[in-house]
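Letter by letter, the chains look like this.
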Amino acid sequence: MKFFIDTADVEEIKALAPTGLVDGVTTNPSLIMKSGRDFREVVAEICAIVDGPVSAEVTATEAPEMIKEGVSLADIADNVTVKLPLTLEGLVACKALTEEGIDTNVTLCFSANQALLAAKAGATFISPFIGRLDDINVDGMELIRDIRMIYDNYDFRTEILAASIRSANHVKESAIAGADVATVPPAVLKSLVRHPLTDKGLDAFLADWAKTGQKIL
Ligand code: G3P
């Protein structure tokens, strides 16, 4: 499973990149707003830090404008993936950009049928939003499972990018359900490594080691 980080905070990306766990980055207009920075500048900086796909979202709502924005965003760097909303216009733009050889991430997916349409439009990634479904008492993980089955039934190459992930459990469940990628907030990525028994065990090993009076180097 690949991990993308869901942030437009360049400092956080710089801090996490050396871990080798960051396979890509996803941004959205809300994350850009939160960063308080210029969109194109942030995307260019992120693309220089991370080799993998960096999603940058269009903000037009009509296909011709979305396509123009997508082409312009793709010009920023080779690893830009153009993010498009799951609307009919977004799907038209997805097909056109795909035919131009530009990678796409179709976002705001809340149903299996929407994911089916995105795959037919040639999307590189589909982003089902798990957390936002859970928020309205719909099982977000069931959507991931359904999309996995549909894509496998028809051998669609579109990668399932589990988004709106709020917890370590969401990451585990997405992996079990067969998502290709999880895009996770930095805090969730960092939480994955932590276990109290690891800390407790390490403390005990180090205390016993100190008692031996030895050094490895
Ligand atoms: O990038 C989209 C996404 O992951 C949104 O997450 O927490 O705002 O629902 P959230």
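Now for a look at the structure at hand. (Residues numbered from 1 in each chain as written. Predicted model: local features only at pLDDT ≥ 70, side-chain atom pairs only at ≥ 80, totals over all residues. Heavy atoms only, no water.)

### Some points on the sheet that holds strand 4 (residues 80-85)
Each strand in a sheet pairs with another by means of backbone hydrogen bonds, the pair being arranged parallel or else antiparallel.
Thought 1: One closed barrel accounts for 8 strands, arranged 1-2-3-4-5-6-7-8; its pairing is parallel. Strand-to-strand twist of the sheet, defined as the mean angle between neighbouring strand axes without regard to direction, takes the value 30°.
Thought 2: Direction of pairing for strand 6 (residues 125-128) relative to strand 7 (residues 159-162): parallel, over a ladder of 2 bridges. Residue pairing in the sheet places Phe125 in a bridge with Glu159 of strand 7.
Thought 3: In the packing of helix 3 (residues 39-49) onto the sheet, contacts are made with strand 2 (24-26), strand 3 (54-57) and strand 4, and the angle to strand 3 comes to roughly 170°. (Pairing = 2+ DSSP bridges. Helix = DSSP H or I, 4+ residues; strand = E, 2+ residues; numbered from the N terminus. Axes fitted to C-alpha atoms, helices over the stretch in contact; angles between N-to-C directions. Contact = heavy atoms within 4.5 Å.)

### So, the state of the cysteines
Thought 1: By the definition in use, this model includes 0 disulfides.
Thought 2: In this model Cys47 remains outside any disulfide bridge; the closest cysteine sulfur is found in Cys94, 19 Å from its own.
Thought 3: Cys94 supplies the cysteine sulfur nearest to Cys109, a cysteine that is in no disulfide, at a spacing of 12 Å. (Disulfide = S-S within 2.5 Å.)

### Describing helix 4 (residues 63-74)
Thought 1: Look at helix 4: 16 Å from first C-alpha to last across 12 residues, which is about the 16 Å you get at 1.5 Å a residue.
Thought 2: Turning to helix 4, its buried residues are Ala63, Met66, Gly70, Leu73 and Ala74. The arc enclosing the buried residues of helix 4, seen along the axis, measures out at 95°, which places them on a common side. Exposed and facing more than 90 degrees away from the buried side of helix 4 are Pro64 and Lys68.
Thought 3: On the buried face of helix 4, the contacting elements are helix 3, strand 3, strand 4 and helix 5 (88-99). (Expected span 1.5 Å × (residues − 1). Buried < 20%, exposed > 50% of the residue type's maximum accessible area, 1.4 Å probe, protein only. Arc of directions from axis to C-beta.)

### A look at the site of the ligand
Thought 1: What surrounds the ligand is the set Asp6, Asn28, Lys83, Phe129, Arg132, Ala163, Ser164 and Arg166.
Thought 2: Within the side chain of Asn28, a nitrogen or oxygen atom sits 3.2 Å from an oxygen atom of the ligand.
Thought 3: With respect to the ligand, the side chain of Lys83 contributes an N or O atom lying 3.3 Å from an oxygen atom.
Thought 4: The site holding the ligand turns out to be the largest pocket.
Thought 5: Tallied by class, residues from the shell around the ligand come to 2 nonpolar, 2 polar and 4 charged. (Near = heavy atom within 4 Å. Polar contact = N/O pair within 3.5 Å; in protein donor to acceptor, adjacent residues only side chain to side chain. 1 Å grid on protein atoms, 1.4 Å probe; cavity = no way out; pocket = protein on both sides within 12 Å on 5 of 7 lines; lining within 4 Å. Sits in = over half its atoms within 2 Å of the grid points. Nonpolar A, V, L, I, M, F, W, Y, C, P; charged D, E, K, R; others polar.)

### A few points about the layout of surface pockets
Thought 1: Each pocket or cavity is described by its volume, and for the largest pocket that value is around 470 Å³.
Thought 2: What lines the largest pocket is a set of 27 residues, and nearest its centre among them are Asp6, Thr7, Asn28, Leu31 and Lys34.
Thought 3: Counting residues per element, the ones that place at least two in the lining of the largest pocket are helix 1 (10-16), helix 2 (29-35) and strand 5 (104-109).
Thought 4: Per-element accounting of the lining of the largest pocket gives the leading share, 4 residues, to helix 2.
Thought 5: Grouping the constituent residues of the lining of the largest pocket by class yields 9 nonpolar, 10 polar and 8 charged. (Points joined across faces, edges and corners; volume = space filled by probe spheres on them.)

### Thoughts on helix 3
What sets the pattern is the α-helix's 3.6 residues per turn: residues three or four places apart point alike.
Thought 1: For helix 3, every residue scored as buried is listed here: Val42, Val43, Ile46 and Cys47. What you see down the axis of helix 3 is that its buried residues fit within an arc of 130°, all on one side.
Thought 2: The inward-facing, buried residues of helix 3 contact helix 1, strand 2, helix 2, strand 3 and strand 4.
Thought 3: A side-chain oxygen of the first residue of helix 3 lies 3.4 Å from the backbone nitrogen of Arg40; this N-cap is Asp38.

### Structural notes on unusual backbone geometry
Thought 1: Of note in the backbone geometry, Asp155 takes a positive phi value of approximately 55° without being a glycine.
Thought 2: Along the chain, Asp155 falls in the loop between helix 8 (140-154) and strand 7.
Thought 3: In this structure, Ser164 takes a positive phi of about 55° despite not being glycine.
Thought 4: Relative to the helices and strands, Ser164 is located in the loop between strand 7 and helix 9 (168-177).

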